Amino acid sequence: MSFIEARSVYKTYDMGEIKIDALNDVSFDINEGELCMIVGDSGAGKTTMLNILGGIDECTEGTVKIAGEFINQFNAKKLTEYRRYDVGFVFQFYNLIPNLTALENVELASQICDRASNPVEVLESVGLGDKMNNFPSQLSGGEQQRVAIARALAKNPKLLLCDEPTGALDSRTGKQIMELLQSTCIQRKMTEVIITHNLALQDMADRIITMKNGQISKIEINRNPLKASYINW
């Protein structure tokens, strides 16, 4: 049974006299525990789809079923609970709170979730056991992204959504981040959806969804995903 089922999803932005169709009849499945990549050029609709999966945005038409529930039918309160407990977000530019330490940034997430992991243990698991008391400005870009990942994982989410997680990083650091995300997916059996324009990364995914002009142009199942450490770009 699919963990995520999107069916005939449309998203139209009404800009006064102009209507922008960001998604046009998008349908796909993602199985539980899969690492799925949504790839495509800028403007293809990747971020819009990710925001809908995360309950940040709502589809205009269609249905989105996650873990057996139609999130497109949730009211505002249920959507807030869904984002709070079930989804972890990792963004391109980290979105850390600058005047809080790495540990305090992770503790924020653990304080809002009743099944949270120990923040210290999560930071240690992403290789930042010796940087817990550092502020974001005292961390490299890769270390800040590790804090962001730790913050997302501390909630023990059912679904991890990553928006261009290597977009602000050099290739060496980006590879380390992708290794971390891949190992997290395998070890925790967590469903992950990663959007990227970097086609080199798709070889490490279990499922690749290619988008173009708001539509899905191709869906591929990768039976033998590469280890992230083997990928070069």
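Higher on the page you've got the structure.
Summarised in this report is the structure supplied together with it. In this text the structure is predicted, and so the values were computed from the model without any measurement.

Quick word on the pattern of salt bridges
- For the structure on display, the rule yields nine salt bridges.
- Notably, a salt bridge pairs Lys78 with Glu69, separated by 3.2 Å at the nearest N-O pair.
- Taking the relative accessible area as the measure of exposure, Glu69 reaches 34% and is therefore partly exposed.
- With a closest N to O distance of 2.5 Å, Lys131 and Glu143 form a salt bridge. Of this pair, Lys131 sits in the loop between α4 (119-125) and α5 (141-153) while Glu143 sits in helix α5; the two residues are twelve residues apart in sequence, bridging distant segments of the chain.
- Residue Glu143 is classed as buried on the basis of its relative accessible area, which comes to 18%.

Structural notes on the sheet that holds strand β4 (residues 61-66)
- In spatial order, the strands read β2-β1-β4-β5; together these four strands make up an open sheet with antiparallel pairing. Pairing within the sheet leaves two strands with one partner each, and these edge strands are β2 (18-31) and β5 (69-70).
- Running at roughly 65 degrees to β2, helix α1 (residues 46-53) makes contact with β1 (2-15), β2 and β4 of the sheet.

Brief notes about the side chain of Thr184
- With respect to the helices, strands and loops of the structure, Thr184 is situated in helix α6 (residues 171-188).
- Once you skip the residues sitting within four places of it in the chain, Thr184 turns out to touch Leu153, Lys189, Met190 and Glu192.

Focus: the packing of helix α3 (residues 102-111) against α5
- One can describe the packing of α3 onto α5 by two numbers: an axis separation of 8 Å at closest approach and a directional angle of 25 degrees. If you check the angle between α3 and α5, you find them roughly parallel. The two elements α3 and α5 meet at a crossing, and its hand is right-handed. In this structure, α3 uses Ala102, Asn105, Val106 and Ala109 to contact α5, whose residues at the interface are Val147, Ala150 and Arg151.
- Residue classes in the contact of α3 with α5 are distributed as five nonpolar, one polar and one charged.

So, the state of the cysteines
- As enumerated under the stated definition, the model contains zero disulfides in all.
- Not engaged in a disulfide, the cysteine Cys36 finds its nearest cysteine sulfur in Cys185; these two sulfurs lie 10 Å apart.
- Accessibility expressed as a relative area gives 0% for Cys36, which makes it buried.
- Cys185 carries a free sulfur, and the closest cysteine sulfur to it, the one in Cys162, is 10.0 Å from it.

Notes on the environment of Asn134
- Mapped onto the secondary structure, Asn134 falls in the loop between α4 and α5.
- Taking C-alpha positions, Asn134 is 5.2 Å from Thr101, a pair spaced 33 residues apart along the chain.
- Ignoring any residue separated from it by four or fewer positions in sequence, one finds Asn134 in contact with Thr101, Ala102 and Leu139.

Each value, and the rule that gives it
- Residues numbered from 1 in each chain as written.
- Predicted model: local features only at pLDDT ≥ 70, side-chain atom pairs only at ≥ 80, totals over all residues.
- Heavy atoms only, no water.
- Salt bridge = Lys/Arg side-chain N within 4 Å of Asp/Glu carboxyl O.
- Buried < 20%, exposed > 50% of the residue type's maximum accessible area, 1.4 Å probe, protein only.
- Helix = DSSP H or I, 4+ residues; strand = E, 2+ residues; numbered from the N terminus.
- Pairing = 2+ DSSP bridges.
- Contact = heavy atoms within 4.5 Å.
- Axes fitted to C-alpha atoms, helices over the stretch in contact; angles between N-to-C directions.
- Parallel < 35°, antiparallel > 145°, perpendicular 65-115°, else oblique.
- Left-handed = near helix turned anticlockwise from the far one by under 90°.
- Nonpolar A, V, L, I, M, F, W, Y, C, P; charged D, E, K, R; others polar.
- Disulfide = S-S within 2.5 Å.

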